[in-house]
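For reference, the chains in residue letters:
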Amino acid sequence: MPVVVVVGAQWGDEGKGKVVDLYAQHADVVTRYGGGANAGHTLVVGGERIVLHLVPSGALHARTRCVIGQGVVVDPQVLLSELGVLRGRGLLDTPRVFMSDRAHVVLPHHRHIDELRERGRAAIGTTKRGIGPAYEDKAGRRGIRTGDLLDATRLAERVRDNLAAWEPVIRGLGGECPEVGPIVETLLAQGEALRDHITDASRMLTEAIGRGEKVLLEGAQGTMLDIDHGTYPYVTSSNVIAGGACAGAGIPPTAVDAVVGITKAYTTRVGGGPFPTELLGAEGEALREAGSEYGATTGRPRRCGWLDAAVVRFSARINGLRELALTKLDVLGGLQELRICTGYERDGIMFDEPPHDGLDRLVPVYETLPGWSGDLSACRRVEELPDNARRYVNRIAELTGCPVGVVSVGADREQTLRGGDPFAR
Ligand code: IMP
């Protein structure tokens, strides 16, 4: 089982950072395959909290190589600051963070455009990290790739053409169009600082797989934010699903052995868009406080609701999940009853997966389960969980058709039941 994909099964923020960090101790290489600095993967080690936006969550294991694939859009400033943090902790003494020479660069005006659009009618609640405009440039064939940062003449030409394309848009949005010169100067300096990290990542990965090394492919965001399969248009601009891992990392589909889906024991989402099981009012507020549900990237309060098993069932199907890693089970302690959404009803029609539109009119069908009291965060084995917590976990497996492997009862590495080696099965 040398290649395993880890993917978010909901709307992101499922706790992928913790699970990837846990799995990474068994991996030789950890690779990000999509998204950009819109992601915020929180790791808590020995009580200390570290948030990574671009560098894969394997970075805290000194022997693991970390690769940013060409499906990622890279903000060089963010990457340089994360590398600085890792270097400061003595975690970069050997060269082990690499980035594809084909990964597209998030330019300063991408952020500016993202921010300007979010002030207008078409706002969807993005992270304002310039992700959408960067992917637009990629699809529009006018993007700048990290490899371009190492060639001054080519870079100046491409930035000039790029800005010429965006200028009317920026002006139309009431913004200021930046000058070419300073952007090129900054990018060249960043390219120089990143020179040793820029490489042919696809080749590096396929060669590692050929040697039988264990490779973990780390998804960002969640399945319901996938540009093709999520709650469009309230989605991010990349393929989040496991199917995107091969294109984003540059490895063949036949190389992937298994996919693990991360799901929270309840549901959250940030930004706009439909959320059938959302709890508005005091119940949602209580869940937000109990789970500290505030965005790792933007600090925004996350919308909270009951577990939507129809969403996870859909994720299991579209990602081909071998198993689920269930996070934040401890947060649900103390509730009298818990509800799980098993499907939806709309105008007399039943749905067992989210349909392509009209999600805001879906009425969730709930099943109610008894809650449990007491603190789960000290549990280390599934057998130590209260009966009702175990029943809840088992019911999730039944409703989604996907066995639950890892169960997480706290942010720390230690607070994990059935951790284990994902490559070993
Ligand atoms: P963008 O990716 O910044 O363009 O944002 C598009 C949508 O995806 C917005 O609803 C964001 O809140 C959401 N989003 C992007 N990245 C994440 C993430 O890492 N976790 C949760 N939501 C995200």
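Residues numbered from 1 in each chain as written. Predicted model: local features only at pLDDT ≥ 70, side-chain atom pairs only at ≥ 80, totals over all residues. Heavy atoms only, no water.

Trainee: Explain the overall build of the protein to me, using residue names and the numbers behind them.
Mentor: Within the protein, the secondary structure is distributed over 11 helices and 20 strands. For a compact globule of 425 residues, the expected C-alpha radius of gyration is about 22 Å, and the protein comes in at 21 Å, within 12% of that figure. Projecting the C-alpha coordinates of the protein onto the three principal axes gives extents of approximately 65 × 50 × 40 Å. Buried residues in the protein amount to 58% of all 425 residues. Here the contacts in the protein between residues at least 6 apart in sequence split such that 75% fall between residues at least 24 apart. Roughly 16800 Å² of accessible area belongs to the protein as shown, and the carbon and sulfur atoms make up 49% of that amount. Separation between the mean location of the 49 positive side-chain charges and that of the 55 negative ones in the protein comes to 1 Å. (Helix = DSSP H or I, 4+ residues; strand = E, 2+ residues; numbered from the N terminus. Rg over C-alpha atoms; globule rule 2.2 N^0.38 Å. Buried < 20%, exposed > 50% of the residue type's maximum accessible area, 1.4 Å probe, protein only. Contact = heavy atoms within 4.5 Å. Areas by Shrake-Rupley, 256 points an atom, 1.4 Å probe, with all protein chains shown as cover. Lys, Arg positive; Asp, Glu negative; His and termini not counted. Charge placed at Lys NZ, Arg CZ, Asp CG, Glu CD.)

Trainee: Help me get a handle on the domain arrangement of the protein, residues and values and all.
Mentor: Segmentation of the protein into domains returns domain 1 (3-100 + 199-259), domain 2 (104-193) and domain 3 (263-417). For domain 1 versus domain 2, the distance between C-alpha centres works out to 23 Å. Residue-level contacts link 23 residues of domain 1 with 16 residues of domain 2. Between domain 1 and domain 2, roughly 1500 Å² of surface is buried when both sides are summed, and carbon and sulfur atoms account for 60% of that area. Close ionic contact of D75 with R111 constitutes a salt bridge, the shortest N to O distance being 3.1 Å. Linking domain 1 to domain 2 there are seven residue pairs in polar contact (both at pLDDT 80 or more). Looking at the side of domain 1 that touches domain 2, the elements that each hand over two or more residues are β6 (73-74), α2 (76-88) and β7 (97-100). Taken together, the residues that form the side of domain 1 that touches domain 2 break down as 11 nonpolar, 11 polar and one charged. (Domains from an automatic or database assignment. Buried area = accessible area lost by both parts, 1.4 Å probe. Salt bridge = Lys/Arg side-chain N within 4 Å of Asp/Glu carboxyl O. Polar contact = N/O pair within 3.5 Å; in protein donor to acceptor, adjacent residues only side chain to side chain. Nonpolar A, V, L, I, M, F, W, Y, C, P; charged D, E, K, R; others polar.)

Trainee: Please set out the sheet that holds strand β2 (residues 29-32) residue by residue, giving values where relevant.
Mentor: Note on sheets: strands pair through backbone hydrogen bonds, and any given pair is parallel or antiparallel. Overall, mixed pairing links the 10 strands, which are arranged β9-β7-β5-β2-β10-β1-β11-β15-β19-β20 in an open sheet. The strands lining the two open edges of the sheet, one partner per strand, are β9 (198-199) and β20 (416-417). Relative to strand β15 (residues 323-327), strand β11 (residues 258-264) runs parallel, the two being bridged by five bridges. Looking across to β15, one finds that K264 is bridged to T327. Along the sheet, helix α7 (residues 201-210) contacts β1 (3-8), β2, β5 (65-68), β7, β9 and β10 (215-218); its crossing angle with β5, the most-contacted strand, is approximately 140°. (Pairing = 2+ DSSP bridges. Axes fitted to C-alpha atoms, helices over the stretch in contact; angles between N-to-C directions.)

Trainee: Account for the pairing of strand β3 (residues 41-45), naming residues and giving values.
Mentor: Of the strand pairs in this sheet, β3 and strand β4 (residues 48-52) are connected by five bridges, and their pairing is antiparallel. Looking across to β4, one finds that V45 is bridged to E48. The loop that links β3 with its antiparallel partner β4 comprises two residues; one of these, G46, has a positive phi angle of about 55°.

Trainee: So, the pairing of β2: which residues are in play, and what are the values?
Mentor: Across the two faces of β2 the burial is the same, with V29 and T31 and V30 and R32 all buried. In this structure, β2 lies alongside β5, joined through four bridges in parallel fashion. Bridge pairing in β5 places V29 opposite R65.

Trainee: Give me α7: which residues, what numbers.
Mentor: Among the residues of α7, A201, L205, A208 and I209 are the ones counted as buried. The buried residues of α7 occupy an angular sector of 100° when projected down its axis, which confines them to one face. Counted as exposed and oriented over 90 degrees from the buried face of α7: R203 and G210. (Arc of directions from axis to C-beta.)

Trainee: Can you lay out the packing of α2 against helix α6 (residues 180-194) for me, pointing to particular residues and giving the numbers?
Mentor: At their nearest, the axes of α2 and α6 sit 10 Å apart, and the two run at 35° to each other. Crossing handedness for the pair α2 and α6: left-handed. Between α2 and α6, the contacting residues are P76, Q77, L79, L80 and L83 on the first element and L187, Q190, A193 and L194 on the second. By residue class, the composition of the contact of α2 with α6 is seven nonpolar, two polar and no charged. (Left-handed = near helix turned anticlockwise from the far one by under 90°.)

Trainee: Could you give an account of the pattern of salt bridges, naming the residues involved and the relevant values?
Mentor: Within this structure, the stated rule accounts for 30 salt bridges. With a shortest N-O distance of 2.8 Å, R65 and E213 are connected by a salt bridge. Linking R65 in strand β5 with E213 in the loop between α7 and β10, this pair joins segments that are 148 residues apart in sequence. The network of salt bridges with common partners includes D13, K264, E293, R302 and K328.

Trainee: Tell me about the packing of aromatic side chains, and please be specific about residues and values.
Mentor: Within this structure, the stated rule accounts for two aromatic pairs. The ring of W166 carries the charged tip of R142 above its face, separated from the ring centre by 5.2 Å. (Phe/Tyr/Trp six-rings, centres within 6.5 Å; stacked < 30°, edge-to-face > 60°. Lys NZ or Arg CZ within 6 Å of the ring centre and 35° of its normal.)

Trainee: Any chance you could break down the site of the ligand for me, citing the residues and the numbers?
Mentor: What surrounds the ligand is a group of 15 residues, the closest being D13, N38, T127, T236 and R300. Here T127 contributes a side-chain N or O atom positioned 2.6 Å from an oxygen atom of the ligand. Within the complex, the protein chains bury 97% of what would otherwise be the 470 Å² of accessible surface of the ligand. Taken together, the residues of the shell around the ligand break down into six nonpolar, seven polar and two charged. (Near = heavy atom within 4 Å.)

Trainee: Hey, could you go over the environment of G143 for me, with residue numbers and the actual values?
Mentor: Secondary-structure assignment places G143 in the loop between α4 (131-139) and α5 (152-172). Remark: the alpha-carbon pair of G143 and R158, spanning 15 residues in sequence, is separated by 7.8 Å. In this structure G143 touches H104, D137, D148, R158 and N162, once residues within four positions along its chain are discounted.

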